[in-house]
Amino acid sequence: MAPMGIRLSPLGVAVFCLLGLGVLYHLYSGFLAGRFSLFGLGGEPGGGAAGPAAAADGGTVDLREMLAVSVLAAVRGGDEVRRVRESNVLHEKSKGKTREGAEDKMTSGDVLSNRKMFYLLKTAFPSVQVGAHGRSAHSSRINTEEHVDAADQEVILWDHKIPEDILKEVTTPKEVPAESVTVWIDPLDATQEYTEDLRKYVTTMVCVAVNGKPMLGVIHKPFSEYTAWAMVDGGSNVKARSSYNEKTPRIVVSRSHSGMVKQVALQTFGNQTTIIPAGGAGYKVLALLDVPDKSQEKADLYIHVTYIKKWDICAGNAILKALGGHMTTLSGEEISYTGSDGIEGGLLASIRMNHQALVRKLPDLEKTGHK
């Protein structure tokens, strides 16, 4: 006797196949949507859907991860800065005049470094949105010195590996609300000196502020490949020097207005005071620290008397704060890294000194800075 067979209706087969295709389509479209979110191609303009570091409501970000990405971004940007300088094709142009009347220069090094740094951070932390100037001071955003052209958008992925030196210092994750975070990028500090081939002054910098307070900073020197980083209440790979001269300090100041500071500094500290003209805010902060770089000059104080942008100083402020130092306006006020992108009240930076006593010694500098 022949075995019994099962006969399938052609209509049933068709329905079964359509159901199967529907399931496959649903799964595949979900997979693609996830990939597009990762690459910043979906979701809100300027940020994309939330990635692993943030939930749909903004969620949280891990400062330890942000430190790892910030170090990588500074180094990647530095690679572009060095490559352009060594090619000797800078495509130098002026963005206009600074408040002091100097040319505000920009080069291909600025632009290409900015692109690498900005998109690496944006892709790794899509919940930290890109904002135009004037956005609410409470909104999370990435601030950068140079304009970011959407036509030049890049997808630069982070492999989620945290370097061993960071893991050793920052042993546990440090989660904060994504909406409390503000990122400040300086893709090429000391552009003027860069165009003059004064390479030792050049740095790339990233800073992360939480609720306006600087929490982590990275200063990278592309031409000596030295990187300093620190996290407030976390750890650092750089330290203060063993001693500082508070009575007759060596004071590092901007090359563009060293004479202005020198006059007041000599009156305040005496004729034995040494003034060190230098380029770049990042370089000046490193001058206060124990940096294993032979090209780095040493100073006891950093004074600035004119308007300065926050992306120039945020990373240095975070590093000094993490090491027990101070960076304030000349009147001793803490600097908030939300809202406007610059400060009017000049700058005083010190470490292992009585900072408020120094502020009281310099009563006339802020007035000088507003001339």
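As shown above, the structure is provided for reference.
None of these values were measured; they are calculated from a predicted model.

Conventions we followed
- Residues numbered from 1 in each chain as written.
- Predicted model: local features only at pLDDT ≥ 70, side-chain atom pairs only at ≥ 80, totals over all residues.
- Heavy atoms only, no water.
- Helix = DSSP H or I, 4+ residues; strand = E, 2+ residues; numbered from the N terminus.
- Expected span 1.5 Å × (residues − 1).
- Buried < 20%, exposed > 50% of the residue type's maximum accessible area, 1.4 Å probe, protein only.
- Axes fitted to C-alpha atoms, helices over the stretch in contact; angles between N-to-C directions.
- Parallel < 35°, antiparallel > 145°, perpendicular 65-115°, else oblique.
- Left-handed = near helix turned anticlockwise from the far one by under 90°.
- Contact = heavy atoms within 4.5 Å.

(A) Inspection of helix H8 (residues 310–322) at higher detail. End to end, H8 covers 18 Å across 13 residues, agreeing with the expected 18 Å (1.5 Å per residue, within 8%). Of all 13 residues in H8, 11 are buried, a share of seventy percent or more. All of the buried residues along H8 are Lys310, Trp311, Asp312, Ile313, Cys314, Ala315, Gly316, Asn317, Ala318, Ile319 and Leu320. The first or second residue beyond H8 is Gly324, which carries a positive phi of 90°.

(B) Geometry of the packing of helix H2 (residues 63–87) against helix H3 (residues 108–124). For the pair H2 and H3, the least separation of the axes is 8 Å and the interaxial angle reads 160°. Compared by their axis directions, H2 and H3 come out roughly antiparallel. Remark: the crossing between H2 and H3 carries right-handed chirality. Across from Val69, Ser70, Leu72, Ala73, Ala74, Arg76, Gly77, Gly78, Glu80, Val81, Arg83 and Val84 in H2, the residues of H3 making contact are Ser108, Gly109, Leu112, Ser113, Lys116, Met117, Leu120, Leu121 and Ala124.

(C) View of the side chain of Asn317. Mapped onto the fold, Asn317 is located in helix H8. On the basis of relative accessibility, which here comes to 4%, the residue Asn317 falls in the buried class. Apart from residues no more than four positions distant in its own chain, Asn317 is found in contact with Pro214, Met327, Ile335 and Tyr337.

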